[in-house]
Protein chains: 2
Amino acid sequence: MKKINIGLIGFGNVGSGVVKILRERKSFLCEKIGLEIEIKKICDKDTASRRNVSIDHKLLTKEARDVINDPQIDIIVELIGGIHPAKEYIAESLKKGKNVVTANKALLAEEGKELFALARDRGKNIYFEASVCAGIPIIKSLREGLVANRFSSIFGIVNGTSNFILSQMSGNDCEFSHALKKARAEGFAEKDPTLDIEGMDSAHKLILLVYLCFGRMVSMEDIFIEGVSRISLADVNYAKELGLEIKLLAIAKKEAGELEVRVHPTMIPSKHLLASVNGIFNAIYVSSDLAGDLLFYGPGAGQLSAASGVVSDLVDAAHNIQAGLFKPTLNIGLDKSIRKLRKIDEIESRYYIRFMAVDRPGVLAKVSSVLSRFGISIASVTQKERRRSKIVPIVMVIHGAKEKNLRLALESIDRLDSIKEKSVAIRIEEV
Amino acid sequence: MKKINIGLIGFGNVGSGVVKILRERKSFLCEKIGLEIEIKKICDKDTASRRNVSIDHKLLTKEARDVINDPQIDIIVELIGGIHPAKEYIAESLKKGKNVVTANKALLAEEGKELFALARDRGKNIYFEASVCAGIPIIKSLREGLVANRFSSIFGIVNGTSNFILSQMSGNDCEFSHALKKARAEGFAEKDPTLDIEGMDSAHKLILLVYLCFGRMVSMEDIFIEGVSRISLADVNYAKELGLEIKLLAIAKKEAGELEVRVHPTMIPSKHLLASVNGIFNAIYVSSDLAGDLLFYGPGAGQLSAASGVVSDLVDAAHNIQAGLFKPTLNIGLDKSIRKLRKIDEIESRYYIRFMAVDRPGVLAKVSSVLSRFGISIASVTQKERRRSKIVPIVMVIHGAKEKNLRLALESIDRLDSIKEKSVAIRIEEV
């Protein structure tokens, strides 16, 4: 049986999961794929700590070049994360004629353009299934399963931490801070959860999804990003009364030749499948022109789930190497119907708005008149329960309005005497 | 650019969709995949009728052998459906050294063992993405994306007609016959809907899913099959009161070395994602040991959706041919932990049961005593509204019981004087 040698850079959580699978399922995989995938070298700064898998210590090295320069190694698996030196390791590996498997979404999102171009130049591939939603085969599905399709939109719940927090708030009636504490206690939030809760991690994944669906690499600056940290329990509950659920969505939408790319808390109908995606689960809802609306759902993180994605890439890479197959395009096609990216100011959306107003006659008239001045029309309005403080929440749903107009209107409204807190605005998507 | 020639047998609904895509997206596909897929010949009994795509009439033939025997053709696409002569065409194509793409679930479910073995012998592949859930890339996901996983269960809503009917009953409060009428009016049910509503179509798809997940081809006789035609609106509504929804599920479950394979109306918790899969949509919920619980959702039928699946197979086949890649195993592994198939009598399940009883004291005592005699314990019981006829429905949920015991108990209960109709039993799955 033909043997494909691989080298691993990064023997942490996912790395040891990959080693575990390749070792413990060796014969299962060999029988299935008709090839043997052999771990030739493993690099990690820490070669001393125990992992949950036993390996021959001779495989270990602290020096990445030992792996990259080994002429017997066909595939380099990069699992150290971060931009540097991961980028350099991948670039050097490609230059040495090796194919690369990585789960490094931040790196590909930020430096992918350069790395994908380099791979193409060298006739090699970068495989990255585990970089988006771990073991959910979303990348393979978009690249291969849906190869004939054109896409019109992507709505993704792609950050487990944020989704866990929002699910806790909604399901257990607790405030953000309490939900975050719970996420930490359960190991679903990092010590510094900023990347997750402020939407950057979702934006990284969105960049890769947009690349797969529309053939272009957008940059972080192109994406409007807003996280979940300012979502209050009150809004979660008012949304529910309106038949809506709040989710942090990574959104890409094509409309009239323009592409919108954004990450923000979004209200969606409670009946939509995405509204039932709870806890650390991820889901991606894509609209394609042939295969229709599709949803891919599963755990978006976890050692073995991510390792499952990495191993599927390894199998593909190994098969392609065995066949001498050269797939420089990665089955990715440029959507030429997109003329430009739409700036956030130009995006039109329905909104949920909450004003905190003094409870006296005439406030609603003032607020409405400002909205109307900016051409914004109200779909529904409810004044919520009175509080002792005489400050009452007014919840409004407005019809489609341009982001810019809404922003200006809210600035104007927030200057009114009778408005006592910064108004809250959350976008509503029909999905 | 390398050209791969294909021949199409069957120029009906899906066939013309495939031709449409290959023609209208020629350059889009070429750029994406680095290959040209050229339609060399098209066979259909009817070469006269117009399709929604214009083609060169010289491509058309009424004789399948013109396609199969053409030495320039690399891939045969079989889209005529049915067992004969589709089986013979595929077998001849494989013997002629051609790869085959088909959407013919009935054929593969019933004759797949022989055809897959023939393909393996000849070093060729049969691709069949569109045979299960049309354009949802479930086959690719199970075979390739989840290649490293072992599976413990599959729960599939894989028949759009049945799901449409059940959704109508549940959503519009109508009886089966009315819902079927609606399905017919909307083009979602065939003139003779038996295959769909009696579960055979679901069983065909289950056979293929079981093959992909567990590596063995079960036969139709191995599967317990019950359709949706006897579901009454009353049970749909009583289920709702219990927080349950009725779906026609194709189920494969591994337990203690035994595999259960069955298709039947099933009550599942209303909060489960599968309960929100409505209308003609399909969804497959699989439990894997590495990537966890996954759901794949989308339209399960439709010309372009099925054609999307066929074209993705064509691209894979074309890439593999270009590379000379020989993948006889289809990435399918035998799950050796399965010792045998579990007979339906041995299956243990929770049940919803409805008895139609005379409204007089002592009936419940009699019923309970029969159940207890068979070792069946009751989880909850509700007597529903009285009717003028003095026959009242008693709705029970029972704890896990063996199918055989339940059947015997119900036979015994149905012989009681006070029971006036055949009792209804519907399995409940926790999923």
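What you see is a predicted model, and the numbers here were worked out from it, not measured in a lab.

A.B. asks: Help me get a handle on the overall build of chain A, residues and values and all.
C.D. replies: When helices and strands are counted, chain A shows 14 helices and 17 strands. In terms of principal-axis extent, the alpha carbons of chain A reach across some 80 × 45 × 35 Å. Within chain A, the fraction of its 431 residues that count as buried is 52%. Long-range pairs, those at least 24 residues apart, make up 75% of the contacts in chain A with a sequence separation of at least 6.

A.B. asks: So what's going on with the relation of the copies chain A and chain B? Which residues, and what values?
C.D. replies: With an RMSD of 0.0 Å, chain A superimposes on chain B once it is rotated by 180° and translated 0.0 Å along the axis. One copy is carried onto the other by what is essentially a two-fold rotation axis. Here 100% of the interface residues in chain A have copies in chain B that are interface residues too; the copies meet face to matching face.

A.B. asks: Would you mind going over the packing of helix α13 (residues 363–373) of chain A against helix α14 (residues 403–414) of chain A in detail, with residue names and values included?
C.D. replies: Residues and elements named next belong to chain A. Where α13 contacts α14, the two axes come as close as 9 Å, and the packing angle between them is 150°. Relative to α14, α13 is oriented roughly antiparallel. Relative to α14, the crossing made by α13 is right-handed. Of the residues in α14, those touching α13 at V367, V370 and L371 are A409, S412 and I413. For the contact of α13 with α14, a count of residues per class yields five nonpolar, one polar and no charged.

A.B. asks: Residues and numbers for helix α2 (residues 26–33) of chain A, please.
C.D. replies: In an α-helix, one turn spans 3.6 residues, which is why side chains three or four residues apart end up on the same side. All names here are of chain A. Those residues of α2 not exposed but buried are L29, K32 and I33. Projected down its long axis, α2 carries its buried residues within an arc of 75°, all on one side. Residues of α2 that are buried make contact with β2 (36–43) and α12 (303–323). Looking one or two residues past α2, G34 carries a phi angle of roughly 70°, positive in sign.

A.B. asks: I'd like a rundown of the environment of K205(B), residues and numbers included.
C.D. replies: All names here are of chain B. Its location among the elements puts K205 in helix α10 (residues 200–214). Taking the number of C-beta atoms within 10 Å as the measure of exposure, K205 has 25 and is therefore buried. Along the sequence, K205 and V286 sit 81 residues apart, while their C-alpha atoms lie 14 Å from each other. If we ignore the near neighbours within four places in the chain, the residues touching K205 are K105, V132, G156, V158 and A250.

A.B. asks: Describe the sheet that holds strand β6 (residues 126–127) of chain A, naming the residues involved and giving the relevant values.
C.D. replies: Residues and elements named next belong to chain A. Strand order across the open sheet formed by six strands is β3-β2-β1-β4-β5-β6, with parallel pairing between neighbours. Sheet topology places β3 (60–61) and β6 at the edges, where each strand pairs with a single neighbour. Across four bridges, strand β4 (residues 75–78) lies against strand β5 (residues 99–102) in parallel orientation. Residue pairing in the sheet places E78 in a bridge with T102 of β5.

A.B. asks: Talk me through the domain arrangement of chain A; I want residue IDs and the actual numbers.
C.D. replies: Along its sequence, chain A is organised into domain 1 (3–134 + 303–323), domain 2 (139–299) and domain 3 (345–428). Using only C-alpha atoms to locate each centre, domain 1 of chain A and domain 3 of chain A end up separated by 52 Å.

A.B. asks: Describe the interface of chain A and chain B, and please don't skip the residues or the numbers.
C.D. replies: If you look at the interface, chain A gives 48 residues, while chain B gives 48 residues. Counting only elements with at least two residues in the side of chain A that touches chain B, the list comes to α2, α6 (138–145), β12 (292–299) and α12 of chain A. Among the elements that line the side of chain A that touches chain B, the one with the most residues is α12(A), at 10 residues. Taken together, the residues of the side of chain A that touches chain B break down into 24 nonpolar, 17 polar and seven charged. Of the strand pairs in this sheet, β12(A) and strand β12 (residues 292–299) of chain B are connected by three bridges, and their pairing is antiparallel. Within the sheet, the bridge partner assigned to Y297(A) lies in β12(B) and is L295(B).

A.B. asks: I'd love a proper account of the packing of helix α7 (residues 160–172) of chain A against helix α8 (residues 176–185) of chain A, names of residues and values included.
C.D. replies: Two measures define how a pair of helices packs: the angle their axes make with one another and the distance between the axes. Residues and elements named next belong to chain A. Where α7 meets α8, the axes come as close as 9 Å, and the angle between the chain directions of the two elements is 125°. The angle between α7 and α8 places the two elements in the oblique class. For the pair α7 and α8, the sense of crossing is right-handed. Residues T161, F164, I165, Q168 and M169 of α7 form the contact with α8, whose own contacting residues are F176, A179, L180, K182 and A183. Tallied by class, the residues present in the contact of α7 with α8 amount to seven nonpolar, two polar and one charged.

A.B. asks: Tell me what's going on with the sheet that holds strand β1 (residues 3–9) of chain B, and back it up with residues and numbers.
C.D. replies: Residues and elements named next belong to chain B. The parallel open sheet is built from six strands, whose spatial order is β3-β2-β1-β4-β5-β6. Two strands in the sheet have a free side with no partner beyond their single neighbour: β3 (60–61) and β6 (126–127). Packing of helix α12 (residues 303–323) onto the sheet brings it into contact with β1, β2 (36–43), β4 (75–78), β5 (99–102) and β6, and relative to β5 it is tilted by some 170°.

A.B. asks: How would you sum up the pairing of β2(B)? Please name residues and give values.
C.D. replies: Residues and elements named next belong to chain B. As defined by bridge partners, β1 adjoins β2 across seven bridges and the pair is classed as parallel. Among the inter-strand pairings, G7 is bridged to a residue of β2, identified as K41. Summarising the sheet, β2 and β3 pair through two bridges and their orientation is parallel. Of the residues in β3, the one forming a bridge with C43 is T61.

A.B. asks: Tell me about the nonpolar core, and please be specific about residues and values.
C.D. replies: Ranked by size, the top nonpolar core spans 284 residues in total, and within it V310(A) and V310(B) carry the most contacts. If sequence neighbours within four positions are ignored, V310(B) has contacts with V14(B), V18(B), V77(B), V101(B), A103(B) and A130(B).

A.B. asks: Can you lay out the environment of N99(B) for me, pointing to particular residues and giving the numbers?
C.D. replies: All names here are of chain B. Residue position: N99 is located in strand β5. Overall, the presence of 26 C-beta atoms within 10 Å leaves N99 in the buried class. Not counting chain neighbours up to four residues away, the residues in contact with N99 comprise D74, I75, K124, N125, A317 and I321.

A.B. asks: Talk me through unusual backbone geometry; I want residue IDs and the actual numbers.
C.D. replies: Note the cis peptide between H84(A) and P85(A), where omega equals 5°. Of note, P85(A) is situated in the loop between β4 and α4 (86–95). Here the phi dihedral of D173(B) falls at roughly 55°; this positive angle occurs in a residue that is not glycine. Within the secondary structure layout, D173(B) lies in the loop between α7 (160–172) and α8 (176–185).

A.B. asks: Can you break down α8(B) residue by residue, with the values?
C.D. replies: Residues and elements named next belong to chain B. Among the residues making up α8, those that are buried are A179, L180 and A183. Buried residues of α8, seen end-on, are gathered within an arc of 100° and therefore sit on one face of the element. Among the exposed residues of α8, those oriented more than 90 degrees off its buried face are S177 and A185. In the core, the buried residues of α8 are packed alongside α7. Just past α8, the residue G187 takes up positive phi, approximately 80°.

A.B. asks: Summarise the pairing of β12(A); cite the residues concerned and give the values.
C.D. replies: All names here are of chain A. The buried fraction of β12 is high, at seven of eight residues. The pairing of strand β11 (residues 281–288) with β12 spans eight bridges and is classified as antiparallel. What sits directly across from S288, in β12, is G292. The turn linking β11 back onto β12 is made up of three residues.

A.B. asks: Tell me about the environment of I332(B), and please be specific about residues and values.
C.D. replies: Inspection of the secondary structure assignment puts I332(B) in the loop between α12 and β13 (340–341). As for I332(B) and A252(B), which are separated by 80 residues in sequence, their C-alpha atoms are 17 Å apart. Once residues lying within four places of it in the same chain are set aside, the contact partners of I332(B) are K32(A), R143(B), Y211(B), L212(B) and G215(B).

A.B. asks: Could you give an account of the confidence of the model for chain A, naming the residues involved and the relevant values?
C.D. replies: This prediction gives chain A a mean pLDDT of 95; 98% of its residues lie at or above 70. Here the prediction assigns the complex a pTM of 0.97, and the interface score ipTM is 0.96.

Parameters and conventions
- Residues numbered from 1 in each chain as written.
- Chains lettered and ligands numbered in written order.
- Predicted model: local features only at pLDDT ≥ 70, side-chain atom pairs only at ≥ 80, totals over all residues.
- Helix = DSSP H or I, 4+ residues; strand = E, 2+ residues; numbered from the N terminus.
- Buried ≥ 20, exposed ≤ 12 C-beta atoms within 10 Å, placed from the backbone.
- Contact = placed C-beta atoms within 7 Å.
- Least-squares fit on C-alpha atoms with pLDDT ≥ 70 in both.
- Axes fitted to C-alpha atoms, helices over the stretch in contact; angles between N-to-C directions.
- Parallel < 35°, antiparallel > 145°, perpendicular 65-115°, else oblique.
- Left-handed = near helix turned anticlockwise from the far one by under 90°.
- Nonpolar A, V, L, I, M, F, W, Y, C, P; charged D, E, K, R; others polar.
- Arc of directions from axis to C-beta.
- Pairing = 2+ DSSP bridges.
- Domains from an automatic or database assignment.
- Core = buried A, V, L, I, M, F, W, Y, C linked by C-beta atoms within 7 Å.
- pLDDT = per-residue confidence, 0-100.

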